[in-house]
Amino acid sequence: MKRYIYPYTLLLATALLLLSSCANHPDVPSSSKDTKCLPAIFPDYCNVTVPYNIAPLNFMLPASEYEECVARLTTPDGQQQTYGDGVKVQIPLSEWHAMLNASKGKSIKVEVWGKKKDEWLKFSPFEIHIAQEPIDEYVSYRLMEPSYVSSNFMEIAQRDLTTFEETQIFNNEITYNDRRKGQCINCHSYQNYKTDNMVFHVRLSNAGTVIVNDGKISRVNLKRDYTISSGVYPSWHPKAKLIAFSTNQTRQIFHTQNPNKIEVFDIASDLILYDVETDSVQVICNDSTLLEVYPTWSPDGKYLYYCKSVPLPEEMRDKDIRTTYQKIQYNLYRRSFDVATHNFGEEVLVFDAVSLDKSVTQPRISPDGRWLLFALGQYGCFHIRHNDGDIYVMDLKSEKLGVKSEISATTVERVIRPLSGLNSEGRPDSYPSWSSNGHWIMVSSRRDGTYCRNYFSYFHDGKTEKAFLMPQEDPEYNTFLLKSYNRPEFMVEPVRISVNEFSRVFDK
């Protein structure tokens, strides 16, 4: 697969290749002082649960405190290997995957030693639990600066989770024709985790919506004279060539003192249905007084879930939104859908977040149709910028749709539950996504305060295990990557269309 590579990217890739070609197996220190505490490794992989096909969980001790690091890994059948190069532990792919296969359904024991001021310290051992369920091999995401001030270089990239290979799907420098405008690319989506049917948007210079229909590429204009914009947030129907979109007029505020830093909000938003085969756009709902956003289909395609705002108090309705945005809150609804007629049923309340003085966004339903994930915060629809944004789960088999009294301050814990193993402390977690087998959840988390990173968590019986950061060949990579991972999505296969092939559709 071709990739548009910058010189510094090529140098980094070469350096990482050299690192991976020479495994370092040092001796365990002959004497050491027992610290009786877990090591402060980065990333924090202590006692996490991971899939049996994940890439090596390489880690490091803080270079500001330690001179060297040695780790010994022991599989359940007694096989042992040591690793360490400076303060970093980097495990060759073949050796790691052999250990995973020997530990499926069990755990790998990890012992760590750190050298500090010429003295070796031994830390308490921890385990890496190996689940019996695999994770989807691929994820894709947008890589971009975290400020959203301008459309500098950005890309939609894909990553092989079983290795460290990352390739480009598209970038915003290959097709735009007006440098003053720049170009924004975003909101990629797939049908049933496969890439022969997919969509992403190109905005500003040389704009359009790129559709891949059974592997054939086209660029369409989804704006109609009866819609407020072209399509924005998409969800591909699981059984038909139909895509639900929101249409949005979005604005931003940049704070100087507010800890949330940036506020993203809509001044108008509706829902539409796009028929890929006929190039037709159908309005789903367009109440001019309310805001509808984030459509998502149930796995059987019989329901469309979405978020909708509630009316502002009458005394605030004519005021500047820059003074009222903190009062805008969303509830979660759904409509039944007839795929033969394209008719939608009446709106049904799923979760009354506003009764709890909360706002719900970004619903995603598990592949078996039972569990509903969403982001919950105090207000608005862009919780990746809100420090109180957390991921919650609802059991759809137990909730009573449309019954407000079922969701109240006294019963909320019975109806919805925060995913404590997944959420960070006091930092935004958003964009939840299910793996195709429903056992892994991926979120975009801003737990360092500035940059979004991809975190994964094992899901079972409505609960999550401790989240772990997406592994990198160099464990220091996420400390110097000045890009955020945006809107991560699982895939069961890679996008096989090259950047250049995508670019040709803009010449037509």
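Source: prediction; values computed, not measured. (Residues numbered from 1 in each chain as written. Predicted model: local features only at pLDDT ≥ 70, side-chain atom pairs only at ≥ 80, totals over all residues. Heavy atoms only, no water.)

### Observations regarding the overall build of the protein
In terms of helices and strands, the protein carries six helices and 35 strands. The dimensions of the protein, computed from C-alpha atoms along their principal axes, are 75 × 60 × 45 Å. Buried residues in the protein amount to 57% of all 508 residues. Taking the contacts inside the protein whose residues are at least 6 apart along the sequence as the reference set, 60% of them involve residues at least 24 apart. In the form shown here, the protein has an accessible surface area of approximately 21700 Å², with 47% of it arising from carbon and sulfur atoms. (Helix = DSSP H or I, 4+ residues; strand = E, 2+ residues; numbered from the N terminus. Buried < 20%, exposed > 50% of the residue type's maximum accessible area, 1.4 Å probe, protein only. Contact = heavy atoms within 4.5 Å. Areas by Shrake-Rupley, 256 points an atom, 1.4 Å probe, with all protein chains shown as cover.)

### Observations concerning the confidence of the model for the protein
Taken as a whole, the protein shows an average pLDDT of 89; of its residues, 91% reach a score of 70 or greater. In this model residues 1-22 is a low-confidence stretch, pLDDT under 50, and it forms 25 contacts with partners more than four residues away in sequence or in other chains. Across residues 401-410, confidence stays below pLDDT 50; counting only partners more than four residues off in sequence or on other chains, it has 22 contacts. (pLDDT = per-residue confidence, 0-100.)

### Side note on the sheet that holds strand β12 (residues 166-171)
The sheet built from four strands is open, its strands ordered β12-β11-β10-β35 with antiparallel pairing. Edge positions in the sheet fall to β12 and β35 (484-491), since each has one partner strand and no second. Sheet twist, expressed as the mean angle between neighbouring strand axes with direction ignored, is 25°. (Pairing = 2+ DSSP bridges. Axes fitted to C-alpha atoms, helices over the stretch in contact; angles between N-to-C directions.)

### Structural notes on unusual backbone geometry
The omega torsion of the bond from phenylalanine 42 to proline 43 falls at -10°, within 30 degrees of zero and hence cis. If you check the backbone angles, leucine 204 has positive phi at about 65° while not being a glycine. For leucine 204, the location among the structural elements is in strand β14 (residues 194-204). In this structure leucine 204 comes out as partly exposed when scored by relative accessible area, which is 46%. Notably, aspartate 461 is not glycine yet its phi reads approximately 55°, a positive angle. By secondary structure assignment, the location of aspartate 461 is in the loop between β32 (453-460) and β33 (463-464).

### Focus on the side chain of serine 235
By secondary structure assignment, the location of serine 235 is in strand β17 (residues 234-236). Not counting the four nearest positions on each side in its chain, serine 235 is found in contact with Ser189, Leu242, Ile243, Ala244, Pro295, Thr296 and Trp297.

### Overview of the pattern of salt bridges
Here the structure, examined in full by the defined rule, presents 18 salt bridges. Of the charged contacts, one joins aspartate 214 and lysine 241 as a salt bridge, the two residues approaching to 2.9 Å between their closest N and O atoms. On the criterion of sequence distance, the pair formed by aspartate 214 in the loop between β15 (208-213) and β16 (216-220) and lysine 241 in the loop between β17 and β18 (242-254) is long-range, its members being 27 residues apart. Since its relative accessible area comes to 53%, aspartate 214 is described here as exposed. Among the residues examined, lysine 241 registers a relative accessible area of 17% and is labelled buried. The partner of arginine 496 in a salt bridge is glutamate 493, and the shortest N-O contact between them spans 3.6 Å. Note on arginine 496: relative accessible area 55%, which makes it exposed. Using a relative accessible area of 17% as the deciding quantity, one classes glutamate 493 as buried. One salt-bridge network, held together by shared partners, links Arg72, Glu111 and Lys122. (Salt bridge = Lys/Arg side-chain N within 4 Å of Asp/Glu carboxyl O.)

### So, the nonpolar core
Membership of the largest hydrophobic core comes to 60 residues, with the highest contact counts inside it found for Ile54, Leu73, Trp96, Val112, Ile128 and Phe456. Formed by 39 residues, the second largest nonpolar core is a distinct cluster that contains Leu312, Ile365, Leu372 and Tyr431. (Core = buried A, V, L, I, M, F, W, Y, C linked by side-chain atoms within 4.5 Å.)

### Considering the environment of glycine 231
Looking at where glycine 231 falls in the secondary structure, it is placed in the loop between β16 and β17. Classification of glycine 231 as buried rests on a relative accessible area of 0%. Residues glycine 231 and histidine 201, spaced 30 residues apart in sequence, show a C-alpha to C-alpha distance of 8.2 Å.

### Re helix α2 (residues 93-102)
Those residues of α2 that fall on the buried side of the exposure criterion are Trp96, Met99 and Leu100. Projection of α2 onto a plane perpendicular to its axis shows the buried side chains occupying an angular sector of 100°, all on one side. Away from its buried face, by an angle of more than 90 degrees, α2 presents the exposed residues Ser94 and Asn101. Buried residues belonging to α2 abut β4 (68-74), β5 (80-83), β7 (107-116) and β9 (126-130). (Arc of directions from axis to C-beta.)

### Structural notes on the environment of proline 311
Considering the arrangement of structural elements, one finds proline 311 in the loop between β22 (303-309) and α3 (321-324). For proline 311, a relative accessible area of 52% gives the class exposed. Along the sequence, proline 311 and isoleucine 328 sit 17 residues apart, while their C-alpha atoms lie 8.0 Å from each other.

### A word on the environment of valine 70
Checked against the element boundaries, valine 70 lands in strand β4. With twelve residues separating them along the chain, valine 70 and threonine 82 place their C-alpha atoms 6.9 Å apart. Ignoring any residue separated from it by four or fewer positions in sequence, one finds valine 70 in contact with Pro26, Asp27, Val28, Pro29, Tyr83, Glu111, Val112, Trp113 and Trp120.

### Describing the sheet that holds strand β26 (residues 359-365)
Here four strands make up an open sheet; going across it, the order is β26-β27-β28-β29 and the pairing antiparallel. Where the open sheet ends on each side, the last strands, each with one partner, are β26 and β29 (416-418). With strand direction ignored, the average angle separating the axes of adjacent strands in the sheet is 30°. As paired elements, strand β28 (residues 390-395) and β29 share three bridges and run antiparallel to each other. Within β29, the residue paired with tyrosine 392 across the bridge is proline 418.

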